[in-house]
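# Coordinates in review
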Amino acid sequence: MIEIKDINKTFGDKHVLKGISAVFNQGMSNLIIGGSGSGKTTLLKCIVGLHEPEKGEVLYSNENFTKMDFEQRIPIRKEIGMLFQNSALFDSMTVEENIIFPLNLFTEMSISEKRDRANYCLEKVNLKNTNKLFPSELSGGMKKRVGIARAITMQPKYLFCDEPNSGLDPKTSIVIDELIKDITDENNITTVVVTHDMNSVMRIGDNILFLHEGQKWWQGSNKEIAHTDNPELNSFVFASKFMEAAKEKL
Amino acid sequence: MIFTHLGKYILLLQASFKKPEKFKVYWSEIMREMVSIGIGSLGIVCIISVFIGAVSTVQTAFQLVSNLIPRSIIGGITRDSAILEFSPTITSLVLAGRVGSSIASQIGTMRVTEQIDALEIMGVNAPGYLILPKIIGGVTMFPLLIILSVCLSLFGGYIAGSASGAVSPNDFIIGLTTDFNPLFARIALIKALVFAFIITSVSAYQGYYTSGGALEVGQASTRGVVMSCIIILCADYLIAQLML
């Protein structure tokens with residue numbers, strides 16, 4: 001479980017996050033949604049420690065992550081897997097090297113054990129026989145899947161995904177969503193996904209946090225989102241005619 | 001402004017010299033950087049060194065027209081100027097362009113494509129993993145490149161002197177082997193170490209704090225080269241003032 005309390009973050013004069021508090025439960029796909037510039041990615045970066053909030057706390061299983069220094073954070077960081085918006089695969093390494101990179105640094109596994117682990121992770125994301133390819137030889141969807149494979153290689157307790165569906169076709173988006181859902185359910189981990197893809201929201205949104213102008217505007221499940229009377233959330237979720245039509249069937 | 005940069009630079013270096021997570025992984029990175037910096041720079045170092053020696057010999061011969069000065073002095077002047085100044089400084093300025101821009105753009109690209117964020121999320125000390133191997137690779141390979149550069153400069157001077165008839169091969173060899181001061185060689189090696197540290201660390205600093213996109217990576221690369229060149233020239237003067 002991850003708990004955030006009163007998170008505030010500013011960049012210069014711009015107050016990006018204004019006192020956000022929330023709980024992200026274990027075994028659930030927790031989604032952070034909101035319009036462009038609402039502070040979704042900034043909130044995610046505050047949670048994982050890439051940004052330091054000016055005020056507020058982030059607690060991983062009740063351990064105060066915000067107050068820890070770099071060395072103290074390492075044990076928690078080893079339990080974190082993250083999929084970046086642009087996958088952030090290491091260009092100079094092959095797919096296999098990307099996946100075993102954290103194993104090389106933090107485990108005493110033998111080469112064959114590391115290869116087995118890489119193959120297992122690649123099998124999980126349906127990317128067999130791509131071990132020797134470089135990121136530049138992969139499509140966008142394949143990069144995302146390798147990013148997920150790298151994120152789960154250390155068997156994380158917390159999985160973070162920043163816009164996992166951006167730039168992907170609808171079919172590949174479904175594959176990525178199902179993958180995230182399966183990994184969350186199978187390993188009973190805490191997953192936090194930043195997205196503005198409404199299809200993802202409806203498919204995997206167990207717990208949804210809606211941000212508006214840097215504030216927490218609404219929190220609930222994908223079942224509740226269709227029946228909310230919150231005007232900002234309604235205008236965001238049902239902005240397209242397709243979603244408007246779908247609303248009537250929900 | 002300058003103190004902000006200086007402070008950030010010192011903090012980055014401090015983070016870079018922290019104890020590695022796993023020495024074996026760092027060792028392979030160091031080897032990779034040594035090959036990239038050392039072997040990768042061989043071609044350009046060979047070409048500029050031969051021409052530095054050749055031009056130095058021809059120009060010295062042109063200026064020494066008096067019959068009272070023995071022609072062998074040309075060999076001595078070529079040797080001393082190559083060891084003391086031309087090989088360490090000019091080679092380092094050229095390598096600031098080749099090695100410095102490569103380091104700044106490589107780290108800058110990793111920054112803007114979130115690869116450095118990915119390292120940090122994993123719990124890796126990103127400055128240590130990315131910068132330390134580059135500094136060690138530079139500091140170990142630059143002295144070897146400078147020694148090679150000195151040898152090739154003297155060879156270039158020998159060929160140019162003989163070919164132009166400015167100095168006979170025998171006189172040139174006599175000049176090379178007369179009144180050699182070992183202090184000059186020590187100064188050249190100290191310059192190589194200092195310049196290597198400047199190029200790798202300053203370029204890495206520029207790359208590490210890049211933000212934005214491709215345009216900013218290019219600007220960081222340019223800044224890395226320009227700053228390295230300016231600091232090399234300042235350090236060159238300081239070393240000369242302190243050691244001679």
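Residues numbered from 1 in each chain as written. Chains lettered and ligands numbered in written order. Predicted model: local features only at pLDDT ≥ 70, side-chain atom pairs only at ≥ 80, totals over all residues. Heavy atoms only, no water.

## Side note on the overall build of chain A
- Secondary structure assignment for chain A yields 10 helices and 10 strands.
- Relative to the compact-globule value of 18 Å for 250 residues, chain A shows a C-alpha radius of gyration of 18 Å, a close match.
- Overall size of chain A, expressed as C-alpha extent along the three principal axes, is 55 × 45 × 30 Å.
- The buried share among the 250 residues of chain A stands at 54%.
- Considering only contacts within chain A whose residues lie at least 6 apart along the sequence, 65% involve residues at least 24 apart.
- Working note: accessible area of chain A is about 11200 Å², and carbon and sulfur atoms make up 48% of it.
- Looking at chain A, you have 30 positive and 34 negative side-chain charges, and the mean spots of the two groups are 2 Å apart. (Helix = DSSP H or I, 4+ residues; strand = E, 2+ residues; numbered from the N terminus. Rg over C-alpha atoms; globule rule 2.2 N^0.38 Å. Buried < 20%, exposed > 50% of the residue type's maximum accessible area, 1.4 Å probe, protein only. Contact = heavy atoms within 4.5 Å. Areas by Shrake-Rupley, 256 points an atom, 1.4 Å probe, with all protein chains shown as cover. Lys, Arg positive; Asp, Glu negative; His and termini not counted. Charge placed at Lys NZ, Arg CZ, Asp CG, Glu CD.)

## Some remarks on empty space enclosed by the protein
- Tallied over the full model, the rule gives 1 cavity of 30 Å³ or more.
- There is about 130 Å³ of room inside the largest cavity.
- Lining the largest cavity are 15 residues, and of these Ile80, Gly81, Arg150 and Ala151 of chain A together with Met122 of chain B lie nearest its centre.
- Put simply, the parts of the chain that give the lining of the largest cavity at least two residues each are strand 6 (80–83), helix 3 (95–106) and helix 5 (140–152) of chain A together with helix 4 (115–122) of chain B.
- When its residues are assigned to classes, the lining of the largest cavity shows 10 nonpolar, 2 polar and 3 charged. (1 Å grid on protein atoms, 1.4 Å probe; cavity = no way out; pocket = protein on both sides within 12 Å on 5 of 7 lines; lining within 4 Å. Points joined across faces, edges and corners; volume = space filled by probe spheres on them. Nonpolar A, V, L, I, M, F, W, Y, C, P; charged D, E, K, R; others polar.)

## Some remarks on helix 5 (residues 126–164) of chain B
Residues and elements named next belong to chain B.
- With 39 residues, helix 5 extends 54 Å between its outermost C-alpha atoms, agreeing within 8% with the 57 Å of an ideal straight helix rising 1.5 Å per residue.
- At Met141, helix 5 shows its strongest bend, of approximately 25°, with the proline Pro143 following within four residues.
- Just past helix 5, the residue Gly165 takes up positive phi, approximately 80°. (Expected span 1.5 Å × (residues − 1). Bend = angle between axes of the 7 residues up to and from the residue.)

## With respect to the pairing of strand 8 (residues 190–194) of chain A
Residue and element names in this part refer to chain A.
- Among the 5 residues that make up strand 8, 5 are buried, leaving the element largely enclosed by the rest of the structure.
- Burial along strand 8 is two-sided: Thr190, Val192 and Val194 facing one way and Thr191 and Val193 facing the other are all buried.
- Of the strand pairs in this sheet, strand 3 (residues 29–34) and strand 8 are connected by 4 bridges, and their pairing is parallel. Note on strand 8: the bridge partner recorded for Ser29 is Thr191.
- As paired elements, strand 7 (residues 158–162) and strand 8 share 5 bridges and run parallel to each other. Counted as the bridge partner of Asp162 is Val194 from strand 8.
- Considered for its hand, the β-α-β crossover made up of strand 7, helix 6 (residues 170–187) and strand 8 is right-handed. (Pairing = 2+ DSSP bridges. Right-handed = clockwise from strand over helix to strand, strands pointing away.)

## Notes on the packing of aromatic side chains
- Applying the stated criterion to the full structure yields 12 aromatic pairs over all chains.
- Look at Tyr9 of chain B and Tyr205 of chain B: their rings are 5.9 Å apart centre to centre, the planes differ by 90°, and that puts the pair in the edge-to-face class. With Tyr9 of chain B in helix 1 (residues 2–16) and Tyr205 of chain B in helix 7 (residues 182–208), this residue pair connects regions lying 196 residues apart in the sequence. Comparing Tyr9 of chain B with Tyr205 of chain B shows no difference in burial state: the two are buried.
- Here a set of aromatic residues connected by ring pairs shows up, and it is made of Tyr60, Phe65, Tyr158 and Phe160 of chain A. (Phe/Tyr/Trp six-rings, centres within 6.5 Å; stacked < 30°, edge-to-face > 60°.)

## A few points about a nonpolar patch on the surface
Residues and elements named next belong to chain B.
- Judged by side-chain polarity, Ile2, Phe3, Leu6 and Ile10 come together as a nonpolar surface patch covering roughly 470 Å² of accessible area.
- With respect to the secondary-structure elements, Ile10 resides in helix 1.
- Note on Ile10: relative accessible area 49%, which makes it partly exposed. (Patch = residues over 30% accessible without salt bridge, like charges linked within 9 Å, V, L, I, M, F, W, Y side chains within 5 Å. Salt bridge = Lys/Arg side-chain N within 4 Å of Asp/Glu carboxyl O.)

## Overview of the environment of Asn129 of chain A
- Examined against the element boundaries, Asn129 of chain A turns out to sit in the loop between helix 4 (111–124) and helix 5.
- It is 9.9 Å that separates the C-alpha atoms of Asn129 of chain A and Val95 of chain A, two residues lying 34 residues apart in sequence.

## Some points on the interface of chain A and chain B
- Contact with chain A, which involves 28 residues of that partner, is made by 19 residues of chain B.
- Together, Phe70, Phe90 and Leu105 of chain A form the three largest contributors to the area buried by chain A at its contact with chain B, with a combined 26%.
- Linking chain A to chain B there are 3 salt bridges.
- The shortest N-O distance in the salt bridge between Lys45 of chain A and Glu114 of chain B comes to 3.7 Å.
- Viewed at the interface, chain B and chain A are joined by 4 residue pairs in polar contact (both at pLDDT 80 or more).
- In terms of residue count, helix 3 of chain A provides more of the side of chain A that touches chain B than any other element does, 6 residues in total. (Buried area = accessible area lost by both parts, 1.4 Å probe. Polar contact = N/O pair within 3.5 Å; in protein donor to acceptor, adjacent residues only side chain to side chain.)

## Here we look at helix 6 of chain A
Residues and elements named next belong to chain A.
- In a regular helix each residue adds 1.5 Å, so 18 residues correspond to 26 Å; helix 6 covers 26 Å between its end C-alpha atoms and thus fits that length.
- Taken as a whole, helix 6 has its buried residues at Thr172, Ser173, Ile176, Asp177, Leu179, Ile180, Lys181, Ile183 and Thr184.
- In this structure, the buried residues of helix 6 make contact with strand 3, helix 4, helix 5, strand 7, strand 8 and helix 7 (198–204).
- Capping of helix 6 at its N-terminal end is provided by Asp169; its side-chain oxygen lies 3.0 Å from the backbone amide nitrogen of Lys171.

## Quick word on the domain arrangement of chain A
Residue and element names in this part refer to chain A.
- On domain assignment, one finds that chain A holds domain 1 (2–79 + 157–249) and domain 2 (90–155).
- Each of domain 1 and domain 2 was reduced to a C-alpha centroid, and the two centroids are 25 Å apart.
- At the junction of the two partners, domain 1 supplies 14 residues and domain 2 supplies 12 residues.
- Summed over both sides, the interface of domain 1 with domain 2 buries roughly 1000 Å², with 73% coming from carbon and sulfur.
- When the buried area of domain 1 at its contact with domain 2 is split by residue, Lys78, Leu179 and Ile183 rank highest and sum to 42% of it.
- Across the contact surface, domain 1 and domain 2 share 1 salt bridge.
- The closest approach of N and O atoms between Lys124 and Glu186, which form a salt bridge, is 2.6 Å.
- Summed over the shared surface of domain 1 and domain 2, the number is 2 residue pairs in polar contact (both at pLDDT 80 or more).
- Ranked by residues supplied to the side of domain 1 that touches domain 2, first place goes to helix 6 with 7 residues.
- Looking at the side of domain 1 that touches domain 2 residue by residue, the class counts come to 8 nonpolar, 2 polar and 4 charged. (Domains from an automatic or database assignment.)

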